[in-house]
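# Structure at a glance
These are the residues of each chain, in order.
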Amino acid sequence: MITATGLCKRFGEKLAVDNLNFGIEKGEIVGFLGPNAAGKTTTMRMLTCYFPPSEGSANVAGFDVYTQSLQVRKNVGYLPEHVPLYLDMSVREYLEFAAAAKGVPHADRKRAVATAVERCSLESVVDQLIGTISRGYRQRVGLGQAIISEPPVLILDEPTVGLDPAQIREIRELIKELGKKSTVILSTHILPEVSVTCSRVIIIANGRIQAQDTPQNLAARQLALVPITLGVAGAPTGEVLEFLRGLQGVKKVDSEGGVFRVEADNDRQVRPQLARAVIEKGWELLELHARQATLEDVFLEIVSRSEAEEAASKPEKAAEPVAVGGENA
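Residues numbered from 1 in each chain as written. Predicted model: local features only at pLDDT ≥ 70, side-chain atom pairs only at ≥ 80, totals over all residues. Heavy atoms only, no water.

With that settled, consider the sheet that holds strand E4 (residues 55-60). Taken in spatial order, the four strands line up as E2-E1-E4-E5 in an open sheet, and their pairing is antiparallel. Edge positions in the open sheet fall to strand E2 (14-24) and strand E5 (63-64), since each of these has one partner strand only. Examined bridge by bridge, strand E1 (residues 2-11) and E4 share five bridges and lie antiparallel to one another. Within E4, the position partnered with cysteine 8 by the bridge is glutamate 55. (Pairing = 2+ DSSP bridges. Helix = DSSP H or I, 4+ residues; strand = E, 2+ residues; numbered from the N terminus.)

Now the structure itself:
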């Protein structure tokens, strides 16, 4: 449904998107993640024909974004990061306008508006001017215009910005429902939402794809170290710390209130080793468990590694020569 091959975007000398290659199948909900200025919004704008790629190609719903942009736009519902709304229109008027602009047949517009209002929970404000409703409601109006023509592809850039927790939950369920009929790309900084909503994740940093897989697979294989909580009694903290730091596979140990936080190689053999070692020392083992890696853990590790590699690849700037003895020296 969506493919990108060698996709690049330059703004002058700045390479914002660097050789992206990915494919998204029909019916997938894909989380598009990355730090600020990573290239996410730029990529989404190329996929929605907001502007053309500098190099490479992209195909959306069977149409090329460069040579068939009108056909692409007819098949895409787009919620940009900053929703462009007409503040002097009512919610109903704006959605009717959006339906007409997106080519919804006149006979179907009333039904399309009613469906968008219901799906986005806009009933209480449908006849109010957009300029008088809250930011959260404006965000939902923007989502309503994106889905009003029931497009086969939805591209949502930060769809839950400005929403309260209850509203976020409603939008999450709506996105899941939309994913039954549409292919969805979802950009957000709320990583727990991605874990429960998206079937696959693409992580981008410095304009390049750093990883892509299911959230579960990324968490299972990406982290170099696994965090373990260990509770021990019957020995001074300093003695336990020194002992744990000397065990094979243990990379870092901290303590707080008799509980030790151990970072070890991502190997299941470390926990049995810790248990045996504590018991053999005659200490009391109070607790031992590894914290399940989250998408946030994976995201932070991948982004940190990317930033470190980017910094290492840049040549150091030569120091400016310092004049000695005045300008005529």
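Two descriptors summarise a pair of aromatic rings, namely the distance from one centre to the other and the angle between the planes of the rings. What the rule picks out here adds up to seven aromatic pairs. Taken together, a centroid distance of 5.6 Å and an interplanar angle of 85 degrees make the contact between tyrosine 86 and phenylalanine 97 edge-to-face. In this pair, tyrosine 86 is assigned in the loop between strand E6 (76-79) and helix H3 (91-101) and phenylalanine 97 in helix H3, connecting sequence segments eleven residues apart. Here phenylalanine 243 and tryptophan 283 contribute two aromatic rings whose centre-to-centre distance is 5.4 Å and whose plane-to-plane angle is 85 degrees, an arrangement assigned as edge-to-face. Of this pair, phenylalanine 243 sits in helix H9 (residues 237-245) while tryptophan 283 sits in the loop between helix H10 (270-280) and strand E14 (284-290), and the two are 40 residues apart along the sequence. An aromatic cluster of three or more residues is present, and its members are Phe11, Tyr50 and Phe51. (Phe/Tyr/Trp six-rings, centres within 6.5 Å; stacked < 30°, edge-to-face > 60°.)

This brings us to the environment of histidine 189. Here histidine 189 shows up in the loop between strand E8 (183-187) and helix H7 (191-197). Judged by its relative accessible area of 43%, histidine 189 falls in the partly exposed class. Excluding residues within four positions of it along the chain, histidine 189 makes contact with Gly34, Asn36, Lys40 and Glu158. For histidine 189, the side chain forms a polar contact with the side chain of glutamate 158, separated by 2.7 Å. (Buried < 20%, exposed > 50% of the residue type's maximum accessible area, 1.4 Å probe, protein only. Contact = heavy atoms within 4.5 Å. Polar contact = N/O pair within 3.5 Å; in protein donor to acceptor, adjacent residues only side chain to side chain.)

Another point: the environment of aspartate 157. Position of aspartate 157 among the secondary structure elements: in strand E7 (residues 153-157). Between the C-alpha atom of aspartate 157 and that of phenylalanine 32, which follows or precedes it by 125 residues, the distance is 9.0 Å. Every residue in contact with aspartate 157, bar those within four places of it in the chain, is listed here: Thr41, Met44, Leu79, Pro80, Glu81 and Ser187.

Here we come to unusual backbone geometry. The phi angle at alanine 61 is positive, at roughly 55 degrees, despite the residue not being glycine. Considering the arrangement of structural elements, one finds alanine 61 in the loop between E4 and E5. Here alanine 61 falls in the buried class, since its relative accessible area comes to 18%. A positive phi angle, near 55 degrees, is found at asparagine 206, a position not held by glycine. As for its placement among the helices and strands, asparagine 206 is situated in the loop between strand E9 (200-205) and strand E10 (208-213). Assessed through its relative accessible area of 28%, asparagine 206 is described here as partly exposed.

Strand order in the open sheet formed by six strands is E6-E7-E8-E3-E9-E10, and the pairing between neighbours is mixed. Two strands lie at the open edges of the sheet, namely E6 and E10, each paired on one side alone. Put simply, the sheet's adjacent strands are angled 15 degrees from each other on average, direction ignored. In the sheet, E6 pairs with E7 via four bridges, with the strands oriented parallel. The residue of E7 that forms the bridge with glycine 77 is leucine 154. (Axes fitted to C-alpha atoms, helices over the stretch in contact; angles between N-to-C directions.)

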